[in-house]
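Examining the three-dimensional arrangement
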Amino acid sequence: MAWLAEGLAALEADGLLRTRRVVRGAQGPLLEVDGTRMLAFASNDYLGLAAHPALARAAIEAIWRCGVGAAASHLISGHHEEHELLEAELAAFVRRPRALFFSSGYQANTGIVPALAGPGDAVFSDALNHACLIDGARLSRATVHVYPHADLDRLESLLAASPARRKVVLSDAVFSMDADLAPLADLVALCERFDAWLLLDDAHGFGVLGPGGEGTPAHLGVTSERLLHLGTLGKAAGVAGAFLAGPEDAIAWLVQRARTYVFTTATPPLIAAAVRASLRVMRDEPWRREHLHRLAGRLQAGLAGLPFRTLPSATAIHPVLIGDNAAAVGWMRRLWAQDLWVPAIRPPTVPPGTARLRISLSAAHTAEQVDRLLHALAGWDLHAAEPALGEAAP
C-alpha cells in the first residue's frame, strides 16, 4: 500500500493534487462552496439551465408518471417512451435523420468508437482530443494514429497511407482547454475523399454555437453523411447524458453494437423529460446565447488589456495560460481568497508546461460579475513571488 501514499505525495509536490469542493444548493454563478459564498467561473452550465424551473418541473412531473429508475437496459424493458421522444426531438434539433441517447458523453464515445472500428481498422485522433475519445480509440483495438493538433496535412498523409478496411477520424468540435474550433469543413472533405467516418465530439458547441444552438456543424455550415455528431446534455443543456446524431443505418448499428449502450441500465426517464424541456427552452429563449456571446466579448476585451497570454475564443471557454503548475495554482488561490472560483487546469488534462486558468462563462452571469473578475485579474503583479503551494489546490 505504500506506493499509494508515495504517489499522492508526489502529486502534491508537483502541484497536481486535486481536491473536491462541496457545493450546496442549485448550480449557478453564485455558489456556496465549503460554507463560503463564491462567484464561480468554473462550470459548464453555459446557458444557465441547470437550475431552470421548467427543467425542474419536467423532471418532477416525470417522476410521478414514470417513477425514478428505468429498471433495465434499453434492449430489455428500460427503453421508455420519454427516451424515444427525446431521440426524435434531438434528431430534429440538429437536423439529422436519427439520434441515440446515451447516459453520458464518456460512455457514448467509449462505446461508439469500438462499434465502428476494430482489429484491422484504423482510427485517426487529434492530439488534443478529450480523454473519452482517446479511451474509445484504445478500446477499439484498431490501429490508432495520433496526428498533431489540427494538422490536416499530417492527417491526409496518414489516411492516404492506411490500408485499413474501415477508417474513423476522431475530433473534438470545440477543444475544451484551448477553446479553438476543429477545421470541420476540411475534416469532412478528407473523410469523403478517403472513405472514412468523422466522429465529432461537440460537447462544448452544442447549445452554444449555431442557429438555435444546433452546434458547431451548423455554426460552420457543414453537413455530410460521413459526419457523426455527438452532443452532451450536461453542459449547455443543463441536465445529463449525451446523444449521437447521424444516418439511420449508423444509429441502428450502434443500438446493436455499442457495448456501453447495450449493457447498461437505461438512464431514468425523468432525465429524458428534463432534456426535452431544455430543448424547448433553448429554442424559446435565444437571449441566453446572445447574452453569453456578449459576455464573452466583454471578457476578451478586458483580458486583452492585461499582461496575460490568452487564447482567442468565440465560445464560453476562455483560457488564461500560465505555464507552471505551481504558478497556476497560486493564481487560482489568489482569486479564491477574493471569493472568485476559477479552476487551474494542469496535466494530464493539458500538456506539461501549459497549465492555465480556465474561465467558463454562463448566460446566468451578469456583466458586473465579469467586470469583478477582470478587476481582480488587473490587480495582479505577474512578476511577484508566486504563492507557495502549501496545501492541495481548491
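These numbers come from a predicted model, not from an experiment.

The rules behind these values
- Residues numbered from 1 in each chain as written.
- Predicted model: local features only at pLDDT ≥ 70, side-chain atom pairs only at ≥ 80, totals over all residues.
- Heavy atoms only, no water.
- Helix = DSSP H or I, 4+ residues; strand = E, 2+ residues; numbered from the N terminus.
- Rg over C-alpha atoms; globule rule 2.2 N^0.38 Å.
- Buried < 20%, exposed > 50% of the residue type's maximum accessible area, 1.4 Å probe, protein only.
- Contact = heavy atoms within 4.5 Å.
- Areas by Shrake-Rupley, 256 points an atom, 1.4 Å probe, with all protein chains shown as cover.
- Axes fitted to C-alpha atoms, helices over the stretch in contact; angles between N-to-C directions.
- Parallel < 35°, antiparallel > 145°, perpendicular 65-115°, else oblique.
- Nonpolar A, V, L, I, M, F, W, Y, C, P; charged D, E, K, R; others polar.
- Pairing = 2+ DSSP bridges.
- pLDDT = per-residue confidence, 0-100.
- 1 Å grid on protein atoms, 1.4 Å probe; cavity = no way out; pocket = protein on both sides within 12 Å on 5 of 7 lines; lining within 4 Å.
- Points joined across faces, edges and corners; volume = space filled by probe spheres on them.
- Core = buried A, V, L, I, M, F, W, Y, C linked by side-chain atoms within 4.5 Å.

1. Considerations on the overall build of the protein chain
Each helix and strand counted, the protein chain has 15 helices and 15 strands in total. The C-alpha atoms of the protein chain give a radius of gyration of 21 Å, which matches the 21 Å a tight globule of 394 residues would have. Overall, the C-alpha framework of the protein chain stretches about 60 × 55 × 50 Å when taken along its three principal axes. The burial tally for the protein chain puts 54% of its 394 residues in the buried class. Sequence separation of 24 or more characterises 73% of the internal contacts of the protein chain that already satisfy a separation of 6 or more. Carbon together with sulfur atoms contributes 55% to the accessible area of the protein chain, which is approximately 17100 Å² in total.

2. Let's talk about the packing of helix H7 (residues 152-161) against helix H8 (residues 184-193)
The contact between H7 and H8 brings their axes to 11 Å, and the two run at 10°. When the interaxial angle is binned, H7 and H8 end up roughly parallel. Between H7, through Leu152, Leu155, Glu156 and Leu159, and H8, the contact on the second element is made entirely by Asp186, Leu187, Leu190 and Arg193. A class-by-class count of the residues in the contact of H7 with H8 yields five nonpolar, no polar and three charged.

3. A closer look at the sheet that holds strand S12 (residues 317-323)
The antiparallel open sheet is built from four strands, whose spatial order is S11-S12-S15-S14. Since the sheet does not close on itself, it has two edges, and those belong to strand S11 (309-310) and strand S14 (344-345), each with one partner. Where S12 meets strand S15 (residues 355-360), six bridges bridge the pair, whose relative direction is antiparallel. When the sheet's bridge partners are listed, His318 is paired in S15 with Ile359. On top of the sheet, helix H14 (residues 325-336) reaches S12, S14 and S15; it is set at about 35° to S15, its chief contact.

4. Some thoughts on the confidence of the model for the protein chain
Chain-level pLDDT for the protein chain is 94 on average; 96% of the residues reach the 70-or-more range. Every residue in residues 383-394 scores below 50 in pLDDT, and together they form 33 contacts with partners more than four places removed in sequence or on other chains.

5. Remarks on the environment of Ala92
Inspection of the secondary structure puts Ala92 in helix H4 (residues 81-93). With 48 residues separating them in the primary sequence, Ala92 and Ser140 have C-alpha atoms 30 Å apart.

6. Observations regarding empty space enclosed by the protein
Taken as a whole and assessed by the stated rule, the structure comprises two cavities of 30 Å³ or more. What lines the second largest cavity is simply His74, Phe101, Phe102, Ser103, Gln107, Thr260, Tyr261, Thr264 and Thr267. Contributing elements (two or more residues each) for the lining of the second largest cavity: strand S4 (98-102) and helix H11 (259-262). Its residues assigned to classes, the lining of the second largest cavity shows three nonpolar, six polar and no charged.

7. Observations regarding the sheet that holds strand S1 (residues 23-24)
The strand order across the open sheet formed by four strands is S1-S2-S3-S13, and the pairing between neighbours is mixed. If you trace the sheet from one side to the other, it starts and ends with S1 and strand S13 (340-341), each paired once. Both S1 and strand S2 (residues 30-33) contribute to a ladder of two bridges, which runs antiparallel. Within the sheet, the bridge partner assigned to Arg24 lies in S2 and is Glu32.

8. Examining the pairing of S2
Where burial is concerned, the two faces of S2 differ: the one with Leu31 and Val33 is buried and the one with Leu30 and Glu32 is not. Where S1 folds back onto S2 in an antiparallel hairpin, the turn is made up of five residues, including Gly25, whose phi is positive at roughly 90°. Pairing of S2 with strand S3 (residues 36-40) involves four bridges; the strand directions are antiparallel. Residue pairing in the sheet places Leu30 in a bridge with Leu39 of S3.

9. Some remarks on the nonpolar core
Of all hydrophobic cores here, the largest spans 68 residues; its most connected members are Phe41, Ile359, Leu361 and Leu373. When residues of this core are assigned to their parent elements, the largest contribution, ten residues, is made by helix H12 (residues 269-284). Sequence-distant contacts of Leu361, defined by excluding residues within four places in its chain, comprise Phe41, Tyr46, Leu292, Leu295, Ala296, Leu299, Ala316, His318 and Val370. Counting residues in each nonpolar core, the second largest holds 25 residues, with Val113, Val123, Val168 and Ala250 among its members.

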